Amino acid sequence: MKVFKLWMVALLMAFLSIGVSAVPDTGWAQDAVVEDEDTITVDGDDLLIDDVAEEAVEDTGEAIEDTGEAIGDAAEATGDAIEATAEDVEDALTADETISDVGVAASTDSIFIFNSLLFLIGGFLVMFMAAGFAMLEAGLVRSKNVAMQLTKNVALFSLAGIFYYLIGYNLMYPLGSWSIGADETGGYLGAFGVAVLEGVGVARDAADDYGYASTGSDFFFQLMFCAATASIVSGALAERIKLWPFLIFTIVLTGIIYPIQASWKWGGGFLDSQYGFQDFAGSTVVHSVGGWAALAGALILGPRIGKYTAGRVNPFPGSNLALATLGTFILWLGWFGFNGGSQLAMGTVGDVADVSRIFANTNTAAAGGSVAALILTQILYKKVDLTMVLNGALAGLVSITAEPLTPTLGAATLIGAVGGVIVVFAIPLLDKVKVDDVVGAIPVHLFCGIWGTIAVVFTNDAATIGGQLISIIIVGVFVFVVSAIVWFILKMIMGIRVSEEEEIAGLDLSELGMEAYPEFSKG
């Protein structure tokens, strides 16, 4: 036993002599000499081995205890860091998502960057639709009115850009600052004020919505939808409306009418919160709104001279079907940005897969509408009508816009095909009641917008037939009544229709003093 104690003391002394920092320096271990089995001499003093061993063990125990406390403190600090990191990851996801839900843990920087990029790419595709509307209308009006239609399309797009900035954007997206209503119960009238972008070179902590996208990209994307609404009105009222009354109406439509009703769904308003209204990219919010405004204008404006005589409908063939076809293809292309960008997210694998699904469904719906019109006109008229085929494609696109994500390819094709059928029957129906729509905008955008909004219930369980119908009615009544009031006021104050002589001569000369095709002029 004594031998064991000697070995233990020697080992402890050796351990201490190598300078382990955790054990305090006692000073007695440097000149220790073992005299016999019971004692040890340290600095000239004889000490009992048992006492030395006991003291060494005690000092070592204290050192080990101190080291354990240090390790515990380090472990606690590490645990706090891990917990904080986990909270950051959880905050980066939306409130109802987990990493397993989104399929990949995307950094917030990536989400912000790719969402903003989606809005910008989608936005310039939708902007290109302005060219599509211009070409379609230029091709479907008579040659004496082409320059007027081109002028209206450039002017309306420019005015929409200014007045959506001055009034419309904050009316549409009040971000909780409702003038009437609240987010909890659903707003009715948004905020008044100009749109304000983020600062130059904004840092992540200063971004308006770091978990979503840049304000500039969102403003740009939403503006394009607003301008598209005014383009719908332009074609329906062609060949007899004065330029300046139309542009004044455009200001009211893009600055006030469109943003107010759009806020009811996309701005978190009452149609969204109270009725669960589902309109993914705007079959009602955009297209039927343009259709209702056009219908009100067509009724107050009246038909073109000679369109309906002696109980007959006299066709006025368009000036250039090649331009009309080009315009249709441009609109078809732009619709990928219209619907695909409305996914409003491109930061995860799931989001990108959904955008691709939307593209595919959008395309096949247009194909379904075009083919349906192709076949149906052959059956009804014994010849294919190109203008009906073009409008059939657009009808399919409008029909799928309310829900381009959830349908299968087959269902999307059928939804678009029904839109094509609606157009073929609706265009002659309007002629029977003497509503003169030059380009077929009302059947395409209003009738098929209603159909597409109802069709959501077939593929999206979140939609209810009651919620969809009541929302269609509320939006329709609001837009039609307000538009009719504005058109009537303009008619009383300044007149909205050109004179009979000016209409016969053509609006290019009477309103603009120039012609789109001067080399073909009889003069």
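Before reading on, note that the structure itself is shown above.
Throughout this document, residue positions are counted from 1 along each chain, in the order its sequence is written. In keeping with the model being predicted, local features are shown solely for residues with a pLDDT of at least 70 and side-chain atom pairs are shown and tallied solely at 80 or more, while totals for entire chains, interfaces and linings include all residues. Only hydrogens and water are set aside when side-chain values are computed; all heavy atoms of the structure are taken into account.

**Brief notes about the packing of helix α6 (residues 215-236) against helix α9 (residues 283-301)**
Helix packing for two helices is described by the angle between their axes and how far apart those axes are. For clarity, the threshold we go by: To get an axis, a line is fitted to the C-alpha atoms, and for a helix only the part in contact is used. The angle between two axes follows their N-to-C directions and goes from 0 to 180 degrees. Helix and strand definitions follow DSSP, with helices as H or I runs of at least four residues and strands as E runs of at least two, each counted in order from the N terminus. For any helix crossing, the convention is left-handed if the near helix is rotated counterclockwise from the far helix by under a right angle, and right-handed if that rotation is clockwise. Contacts are residue-level and defined by heavy atoms, with any inter-residue pair within 4.5 Å sufficient. Residue type decides the class: Asp, Glu, Lys and Arg count as charged, Ala, Val, Leu, Ile, Met, Phe, Trp, Tyr, Cys and Pro as nonpolar, and the leftover types, Gly among them, as polar.
Two numbers describe how α6 lies on α9: the axes approach to 8 Å, and their chain directions differ by 35°. For the element pair α6 and α9, the recorded crossing hand is right-handed. Contacts between α6 and α9 involve Phe-225, Thr-229, Ile-232, Val-233 and Ala-236 from the first element and Val-286, His-287, Val-289, Gly-290, Gly-291, Ala-293 and Ala-294 from the second. When its residues are assigned to classes, the contact of α6 with α9 shows eight nonpolar, four polar and no charged.

**What about the side chain of Glu-239?**
Basically, it comes down to this: Residues adjacent in sequence count toward polar contacts only when both atoms are side-chain atoms; beyond that, a polar contact is any pair of N or O atoms within 3.5 Å, and within protein one must be able to donate a hydrogen and the other to accept it.
Structurally, Glu-239 can be placed in the loop between α6 and α7 (243-265). There is a polar contact of 2.7 Å between the side chain of Glu-239 and the backbone nitrogen of Arg-142. At 3.1 Å, the side chain of Glu-239 and the side chain of Asn-145 are in polar contact. Setting aside residues no more than four positions away along its own chain, Glu-239 makes contact with Val-141, Arg-142, Asn-145, Gln-149, Arg-304, Glu-503 and Leu-507.

**Observations concerning the nonpolar core**
Spelled out, the test is: Here, the term nonpolar core denotes a set of buried Ala, Val, Leu, Ile, Met, Phe, Trp, Tyr and Cys residues that are joined through side-chain atoms within 4.5 Å. A 1.4 Å probe rolled over the protein chains alone gives each residue an accessible area, and that area as a share of the maximum for its type sets the label: buried under 20%, exposed over 50%, partly exposed in between.
If you look at the biggest cluster of nonpolar residues, it comprises 99 residues, and the most contacted ones within it are Val-233, Tyr-258, Phe-338 and Trp-487. If you tally residues by element for this core, the top one is α6, at 11 residues. Ignoring sequence-local partners within four residues, the contact set of Phe-338 consists of Val-126, Met-129, Phe-221, Phe-225, Ala-228, Ala-281, Val-286, His-287 and Thr-401. By size, the runner-up hydrophobic cluster in this structure holds six residues, among which are Ala-365, Ile-400, Ile-415 and Ala-455.

**Comments concerning the pattern of salt bridges**
To be explicit about the condition: Any carboxyl oxygen of Asp or Glu that lies within 4 Å of a side-chain nitrogen of Lys or Arg is treated as forming a salt bridge with it.
Per the stated rule, a full pass over the model turns up six salt bridges. A salt bridge links Glu-239 to Arg-304, with the nearest nitrogen and oxygen atoms 2.6 Å apart. Of this pair, Glu-239 sits in the loop between α6 and α7 while Arg-304 sits in the loop between α9 and β6 (308-309), placing them 65 residues apart in sequence. Note on Glu-239: relative accessible area 1%, which makes it buried. Owing to a relative accessible area of 4%, Arg-304 belongs among the buried residues under this scheme. The partner of Glu-503 in a salt bridge is Arg-497, and the shortest N-O contact between them spans 2.9 Å. Through salt bridges with shared partners, one network takes in Arg-142, Glu-239, Arg-304 and Asp-436.

Function cannot be read off these values alone, since they describe shape.
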